[in-house]
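# Commentary on secondary and tertiary structure
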Amino acid sequence: MSFELPDLPYAYDALAPYMSAETLEFHHDKHHQAYVTKGNELLAGSGLEGKSLEDIVKESFGTNAPLFNNAGQHYNHIHFWKWMKKDGGGSSLPGALQAAIDSDLGGFDKFRADFIAAGVGQFGSGWAWLAVKDGKLEIMKTPNGENPLVHGAAPILGCDVWEHSYYIDYRNARPKYLEAFIDNMINWDYVLEMYEAATK
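Being a predicted model, the structure only gives us computed values, none of them experimental. (Residues numbered from 1 in each chain as written. Predicted model: local features only at pLDDT ≥ 70, side-chain atom pairs only at ≥ 80, totals over all residues. Heavy atoms only, no water.)

### As for the pattern of salt bridges
Applying the stated criterion across every chain, the model contains five salt bridges. A salt bridge links Asp114 to Lys110, with the shortest nitrogen-to-oxygen separation between them at 2.7 Å. Of this pair, Asp114 and Lys110 both sit in helix 5 (residues 108-121), four residues apart, roughly one helical turn. Note on Lys110: relative accessible area 45%, which makes it partly exposed. The partner of Asp183 in a salt bridge is Arg112, and the shortest N-O contact between them spans 2.7 Å. Separated by 71 residues along the polypeptide, Asp183 in helix 7 (residues 174-185) and Arg112 in helix 5 bring together distant segments of the chain. Owing to a relative accessible area of 31%, Asp183 belongs among the partly exposed residues under this scheme. Look at Arg112 and you get partly exposed, because its relative accessible area is 23%. (Salt bridge = Lys/Arg side-chain N within 4 Å of Asp/Glu carboxyl O. Helix = DSSP H or I, 4+ residues; strand = E, 2+ residues; numbered from the N terminus. Buried < 20%, exposed > 50% of the residue type's maximum accessible area, 1.4 Å probe, protein only.)

In structure tokens form, the structure reads like this:
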């Protein structure tokens, strides 16, 4: 397979004022495109051509860092765009997801606080995650382009805490960005779709 930049599933200004059109234009059209372009260059001759993106991510981890960095970020961003929507976020979750958050993470308020803490506590660039590991929900954080796939888990929600994801809109106020992500941007239906796939 070759990597391809997906279209955004909404207009550039759909997430404003929580994420601006300027941020999405730079983040999607420049940063994500760069991961796709470089990833395709590095995929050629790697021995991983023809594999799924998930397998490329898993198999390049620890063996081919340049390819892993770009493939990991491509995977992360494909889902990141879908994890957001206009008028998203909030604490009204699909039933199955709410039940899992209640049983595994101590309820929505604790999930919200712990997810924000993971994103704030990730030193430098990286991601905050909600993932399924051994059948249960877990909050994780990873550096750079790493994701739960390479740590034995299935990501169902991720928030990009690289500065290019929030600096135009929030400057250095990463906590405010994470709060806005949970309260106003998450597409809980897509999180549920990934949760159901991870717990089949």
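Moving on from the model shown.
### Brief notes about helix 8 (residues 188-198)
Among the residues of helix 8, those classed as buried are Trp188, Tyr190, Val191, Leu192, Met194 and Tyr195. On the buried face of helix 8, the contacting elements are helix 3 (65-82), helix 4 (95-105), helix 5, strand 1 (126-133), strand 2 (136-143) and strand 3 (154-160). (Contact = heavy atoms within 4.5 Å.)

### A look at the UniProt feature "domain: Manganese/iron superoxide dismutase C-terminal" (unreviewed entry) in the protein
In this numbering, the UniProt entry assigns the feature "domain: Manganese/iron superoxide dismutase C-terminal" (unreviewed entry) to residues 95-192. In residues 95-192, helix accounts for 47% and strand for 23%; the two terminal C-alpha atoms are 9 Å from one another. (UniProt positions renumbered as here; feature names shortened; annotations may be inferred.)

### Considering the pairing of strand 1
With seven of its eight residues buried, strand 1 lies for the most part within the structure. In this sheet, strand 2 lies alongside strand 1 in antiparallel orientation, the contact comprising eight bridges. Within strand 2, the position partnered with Ala131 by the bridge is Glu138. The hairpin formed by strand 1 and strand 2 contains two residues between the paired strands, and Asp134 there has a positive phi angle of roughly 50°. Where strand 1 meets strand 3, six bridges bridge the pair, whose relative direction is antiparallel. Following the sheet pairing, Trp127 is matched in strand 3 by Asp160. (Pairing = 2+ DSSP bridges.)

### Quick notes on helix 2 (residues 53-60)
Among the residues of helix 2, those classed as buried are Leu53, Ile56, Val57 and Ser60. Looking straight down helix 2, one finds that the buried residues subtend no more than 100° of arc, so they occupy a single side. Two residues or fewer past helix 2, Gly62 is found with a positive phi of approximately 80°. (Arc of directions from axis to C-beta.)

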